[in-house]
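Coordinates in review
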Amino acid sequence: MSRTIDPGGLLDASARWRLTAAGVCLIAACYGMARFAYGMFVPVFREEFGLDSTTSGAIASGSFLSYCVAIVAASLLTPRFGARTVAVAAGAIAVLGTLVIAAAPNVTVLAIGVLVAGSSTGIASPPLAHAVARTVIERDRSRTQTVINAGTGIGVAVAGPIALIAHDHWRLAWVAFAVTCALVTAWAAASVPAARGGSDDASFLPAPLLPVGSGRLILAAAAAGLASAAVWTLGREVLVTDGGLGETRSLVAWIILGCFGVVGAAAGDLIRRLGLRGAWLATMLAMAGGTALLGSFPGLVGVAWFAAAAFGASYIAVSGVLLLWGTKVYPEAPAAGVGLAFLVLALGQAGGSLLVGALAEAGAQFAFLTAAAVAVAGALVRPRA
């Protein structure tokens, strides 16, 4: 059980390290394995279950829907039931979802597993943000939040090589994911503090529901979601079809994206240097650059891999800045602030997926440059001074 240094509930250095490490691993397992690994295994699932593009896209959309529902639920329930309880629930749901995928006898069960596994990501982020906001000393709070958030990159970087190697033995890969999620869940149970309460103690909804600054947060998160959708939705397809890189080299690009996503952990330090406004501007412009490069030069492997690295680092940093922005707008209800930011980010990605899909009919480069332009515009929607 986590120790504290005072009656106010602040963790000592050792407990703080355990919370950070457990949080990184929980985010890596839920996002990198339970959610994003589905996209890496789509070619195998097509062979195994006879999936067409419409069905695989519908399954991915179901995962998105479950994420949205879950993040709203987690944001409202965390102050009532505590960060530890909700974080453990996220891990347990990830275990269940990955096991269902591993055992799936048909496409219906596969879809159920993907939906359940995808919901774990929505449940994981709010309790961890709430725990850090309530129990970590203020000078270390931003760094801790963004380091935990960068676990997504670690998860993608680990899942990528497994997807590359496993192929015909994909069920064993998903069993391995389930075992990893179970171990991480046990660690979270031992390391994440209970961290209940806040001004939302008496109600499931924060008060006020939309405080000053929330409008800018919503607009910025929507822009980030729209702008990032091109790479997340069409990135690998463009590398394979327009760039001719093939399955292996395009998957390597995704592994690079995940590895450099870890650089996004520096978002907290970037905020210390540039402030929240400066960090938002810098990270959104970097994401715009990575998106434009990937869409413009998909056939140049060096440029494509560099663009993937730039996008991975900047996207994780952007989500880290949004996370901290949410906790600033909702200081008494940090789980609600993070939930709102990440919900709108996901909704923006959903709308952006439809938009870039339509724009790609006129050419993938046009779709990617449009997404990059949205990122530049979104960079101008900054937090209140």
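In what follows, the structure referred to is the one given above.
Just so we're clear, the structure is a prediction, and the values are computed from it rather than from any experiment.

On to the environment of Arg 35, then. As for its position among the elements, Arg 35 is in helix H1 (residues 13–35). Residues Arg 35 and Ser 191, spaced 156 residues apart in sequence, show a C-alpha to C-alpha distance of 23 Å.

Before going further, it helps to examine the packing of helix H12 (residues 301–329) against helix H13 (residues 334–359). Relative placement of two packed helices is described by the angle separating their axes and the distance separating the axes. Running from amino to carboxyl end, H12 crosses H13 at an angle of 140 degrees, the nearest separation of the two axes being 7 Å. Between H12 and H13, the interaxial angle falls into the category oblique. Where H12 crosses over H13, the two elements pack in a sense that is right-handed. Residue-level contacts link Tyr 315, Ser 319, Leu 322, Leu 323, Gly 326 and Thr 327 of H12 to Pro 334, Gly 337, Val 338, Ala 341, Phe 342, Leu 345 and Gln 349 of H13. Across the contact of H12 with H13, the residue classes tally to eight nonpolar, five polar and no charged.

This part covers the packing of aromatic side chains. Applying the stated criterion to the full structure yields 16 aromatic pairs. Relative to Phe 177, the ring of Trp 174 lies with its centre 5.2 Å away and its plane at 80 degrees, an arrangement referred to as edge-to-face. Linking Trp 174 with Phe 177, this pair stays in helix H8 (residues 170–191), spanning three residues, or about one helical turn. Side by side, Trp 174 and Phe 177 carry an identical accessibility label, which is buried. Ring pairs connect the aromatic residues Tyr 38, Phe 41, Phe 45, Phe 49, Trp 170, Trp 174 and Phe 177, which therefore count as one cluster. Taking NZ or CZ as reference, Arg 35 lies 4.4 Å from the ring centre of Tyr 67, over its face.

Cut-offs and rules
Residues take numbers from 1 onward in each chain, read along the sequence in its written order. Since the coordinates come from a predicted model, pLDDT governs what is reported: local features require at least 70, and pairs of side-chain atoms require 80 or more to be given and counted, while whole-chain, interface and lining totals use all residues. In computing side-chain values, all of the structure's heavy atoms are included and hydrogens and water are not. Strands here mean DSSP runs of E at least two residues long; helices mean DSSP runs of H or I at least four residues long; both are numbered from the N terminus. Inter-axis angles, ranging from 0 to 180 degrees, are taken between N-to-C directions of lines fitted to C-alpha atoms, where helices are fitted over the stretch in contact. An angle below 35 degrees is treated as roughly parallel, one above 145 as roughly antiparallel, one from 65 to 115 as roughly perpendicular, and anything else as oblique. Left-handed describes a crossing whose near helix is turned anticlockwise from the far helix by less than a right angle; the clockwise case is right-handed. Contact between two residues is taken to exist if any of their heavy atoms lie within 4.5 Å; hydrogens are not considered. All residues other than Ala, Val, Leu, Ile, Met, Phe, Trp, Tyr, Cys, Pro, Asp, Glu, Lys and Arg, Gly among them, are scored as polar; the first ten of these are nonpolar and the last four charged. Aromatic pairs are defined between Phe, Tyr and Trp rings, using the six-membered ring for Trp, whenever the two ring centres lie within 6.5 Å; interplanar angles under 30 degrees are classed as stacked, those over 60 as edge-to-face, and all others as tilted. Exposure classes here rest on a 1.4 Å probe applied to the protein chains alone. A residue is buried below 20% of its type maximum, exposed above 50%, and partly exposed in between. A positively charged side chain is recorded as over a ring if its NZ (Lys) or CZ (Arg) lies within 6 Å of the ring centre. The angle to the ring normal must also be within 35 degrees.

None of this, on its own, says anything about what the molecule does.
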